[in-house]
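# Structural characterization, general
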Amino acid sequence: MGKLTVGALRAVLAVVLLGTVFVQVLMVWALFTDPEDGSLPLTPLRLITILGMVSAQVALVCVGRLVAMVRRGTVFSPAAFRYVDGVIGAIVAAALVWFAVTAVNAPGQRDDPGVTLIMGGVGVAILGVALIVLVLRMLLAQAVARDVEATQMQAELDEVI
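Calculation rules
- Residues numbered from 1 in each chain as written.
- Predicted model: local features only at pLDDT ≥ 70, side-chain atom pairs only at ≥ 80, totals over all residues.
- Heavy atoms only, no water.
- pLDDT = per-residue confidence, 0-100.
- Helix = DSSP H or I, 4+ residues; strand = E, 2+ residues; numbered from the N terminus.
- Contact = heavy atoms within 4.5 Å.
- Patch = residues over 30% accessible without salt bridge, like charges linked within 9 Å, V, L, I, M, F, W, Y side chains within 5 Å.
- Areas by Shrake-Rupley, 256 points an atom, 1.4 Å probe, with all protein chains shown as cover.
- Salt bridge = Lys/Arg side-chain N within 4 Å of Asp/Glu carboxyl O.
- Buried < 20%, exposed > 50% of the residue type's maximum accessible area, 1.4 Å probe, protein only.
- Expected span 1.5 Å × (residues − 1).

## Notes on the confidence of the model for the protein
- Averaged over every residue, the pLDDT of the protein is 89; the share at 70 or more is 94%.
- Per-element mean pLDDT across the protein ranges from 89 in helix α1 (residues 3–33) up to 94 in helix α3 (residues 79–105).

## Let's talk about the side chain of Thr102
- Within the element layout of this structure, Thr102 appears in helix α3.
- Excluding anything up to four places from it in sequence, Thr102 contacts Thr116, Met119 and Gly120.

## Describing a nonpolar patch on the surface
- On the surface, Leu17, Val21, Val25 and Val61 cluster together into a nonpolar patch covering about 300 Å² of accessible area.
- Broken down by element, the nonpolar patch gets its largest block of residues, 3 residues, from α1.

## Some thoughts on the environment of Val124
- Within the fold, Val124 resides in helix α4 (residues 113–160).
- On the basis of relative accessible area, Val124 is assigned to the exposed category, the value being 53%.
- When the C-alpha positions of Val124 and Ala95 are compared, they lie 7.4 Å apart, and in sequence the two are 29 residues distant.

## Here's the deal with α1
- Between its first and last C-alpha, α1 extends 45 Å over 31 residues, near the 45 Å set by a 1.5 Å rise per residue.
- Buried within α1 we find Val6, Leu13, Thr20, Gln24 and Ala30.
- Contacts made by the buried residues of α1 are with α2 (42–72).

Spelled out as C-alpha cells, the structure:
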C-alpha cells in the first residue's frame, strides 16, 4: 500500500472513530437529561446506539491495526488473525444490535409490517458481510500457510547453496 492510501485510510478511520465517540457521549448525555415523550422507547434505542458505536469502534481499531501490519509487511502472520477475528466479531455484534433495533421498532410498525421485514433483511445482509470477511480470513490463512512454506523452502535452498 502506498503512503497516500495508508494516510487517507488512517484519516478516515480517525474521523469515524471520533464521530462514534461523539455520538456515544451525546447518547449518554441524553439518557440522563432528555425526558421521553412516550412516542418511541428512546432509552432502549439510546442504549442500543451506544452498543452499536462500540461494535463500530472495535472494527475501526482492528482495521487500523491491520493497516499498520500491511504497511510494515507483517500482515501475513498469525498475529493478523486476532484483528480479522475482531472485525468479524464486531460485524456480528452490529447485526445483533440491528436486530435489537428491529425488535424495538416492530411494535410501532403494526400497520406496515414491511418495514420490519426490510429491517430484518438489512440485519441478514450485515451478517452476510461477516461471512464475506470470514471467507477473506480463510484466504489470509492460505496466504500465511504459503508464506511459511516459501520461507521453509528458501531456508532449505540456502542450506543447499
